[in-house]
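Observations on chain architecture
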Amino acid sequence: MAHPYHHALSSVRQFGGTPEDYLPLHSWFDESKAIIADFRHRALRHHAEGIFMAERLFGTTLTLSTGRIIPARWIGEQHVREDLGRIPSFADWVRAIRPEPWMGRAISIDIAGLARGGEP
Ligand SMILES: [Zn+2]
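Residues numbered from 1 in each chain as written. Predicted model: local features only at pLDDT ≥ 70, side-chain atom pairs only at ≥ 80, totals over all residues. Heavy atoms only, no water.

With that settled, consider the coordination of the zinc ion. For a metal with four tetrahedral donors the ideal donor-metal-donor angle is 109.5 degrees, whereas six octahedral donors ideally subtend 90 or 180 degrees. Distances from the zinc ion to its protein donors, namely D30 (OD), H46 (NE2), H79 (NE2) and D83 (OD), fall within the range 1.9 to 2.2 Å. Around the zinc ion, the four donor atoms sit at angles spanning 93 to 164°, and that spread fits a shape best called irregular. Donor residues for the zinc ion, ordered by position in the chain, follow D-x15-H-x32-H-x3-D. Here the residue D30 occupies a position in helix 2 (residues 19-30), and H46 occupies one in the loop between helix 2 and helix 3 (48-58), the gap between them amounting to 16 residues. Of the two residues, D30 and H46, both sit in the buried class. (Donors = N, O, S within 2.8 Å, 3.2 Å for Na, K, Ca; no water. Tetrahedral: all angles 85-135°; square planar, octahedral: opposite > 155°, others 65-115°. Helix = DSSP H or I, 4+ residues; strand = E, 2+ residues; numbered from the N terminus. Buried < 20%, exposed > 50% of the residue type's maximum accessible area, 1.4 Å probe, protein only.)

Here it is as structure tokens:
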């Protein structure tokens, strides 16, 4: 499993700058390893929506230490492609989740009672 630093070295080869220019973005993608230590952690951010989320967090562009300005999405796309070989959608990940009964369990809510000002 590639470490964020190794992704950053790959970014340097492709776009210039230093590893430190890229480490925050690559580390953000892999922070989900703190939740689950195997490759399934990637379901949280390694997809098209995750790349757009990185853009919202890090800005549309990154200004490298060399002064070069590059789209943040390029770095997200590079990270996801290096880990998965392609950029999946979140729907691709969802199709791999085996549904369990607890996922659809609901409790009844007295909506009419709440509308009358009752306690939940
Ligand atoms: Zn990763």
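A word on the packing of helix 2 against helix 3. Where helix 2 meets helix 3, the closest approach of the two axes is 11 Å, and the angle between their N-to-C directions is 135°. When the axis of helix 2 is compared with that of helix 3, the two are oblique. Crossing handedness for the pair helix 2 and helix 3: right-handed. Two secondary-structure elements touch here, helix 2 through P24, L25, W28 and F29 and helix 3 through G50, I51, M53, A54, L57 and F58. Residue classes in the contact of helix 2 with helix 3 are distributed as nine nonpolar, one polar and no charged. (Axes fitted to C-alpha atoms, helices over the stretch in contact; angles between N-to-C directions. Parallel < 35°, antiparallel > 145°, perpendicular 65-115°, else oblique. Left-handed = near helix turned anticlockwise from the far one by under 90°. Contact = heavy atoms within 4.5 Å. Nonpolar A, V, L, I, M, F, W, Y, C, P; charged D, E, K, R; others polar.)

The next subject is the side chain of H47. Considering the arrangement of structural elements, one finds H47 in the loop between helix 2 and helix 3. From its side chain, H47 meets the backbone nitrogen of G50 in a polar contact 3.0 Å long. Beyond its immediate sequence surroundings of up to four residues, H47 is in contact with V80, I87, P88, S89, F90 and W93. (Polar contact = N/O pair within 3.5 Å; in protein donor to acceptor, adjacent residues only side chain to side chain.)

Time to look at the packing of helix 2 against helix 4 (residues 72-84). Remark: helix 2 packs on helix 4, axes separated minimally by 10 Å, with the N-to-C direction vectors making an angle of 50°. By the criterion of interaxial angle, the relationship of helix 2 to helix 4 is oblique. Here helix 2 and helix 4 pass one another in a crossing that is right-handed. For the pair helix 2 and helix 4, the contacting residues are Y22, L25, H26, F29 and D30 in the first and A72, I75, G76, Q78, H79, V80 and D83 in the second. Across the contact of helix 2 with helix 4, the residue classes break down as six nonpolar, four polar and two charged.

For helix 3, every residue scored as buried is listed here: G50, I51, A54 and E55. Projected down its long axis, helix 3 carries its buried residues within an arc of 150°, all on one side. Among the exposed residues of helix 3, those pointing more than 90 degrees away from its buried face are R56 and L57. Contacts made by the buried residues of helix 3 are with helix 2 and helix 4. (Arc of directions from axis to C-beta.)

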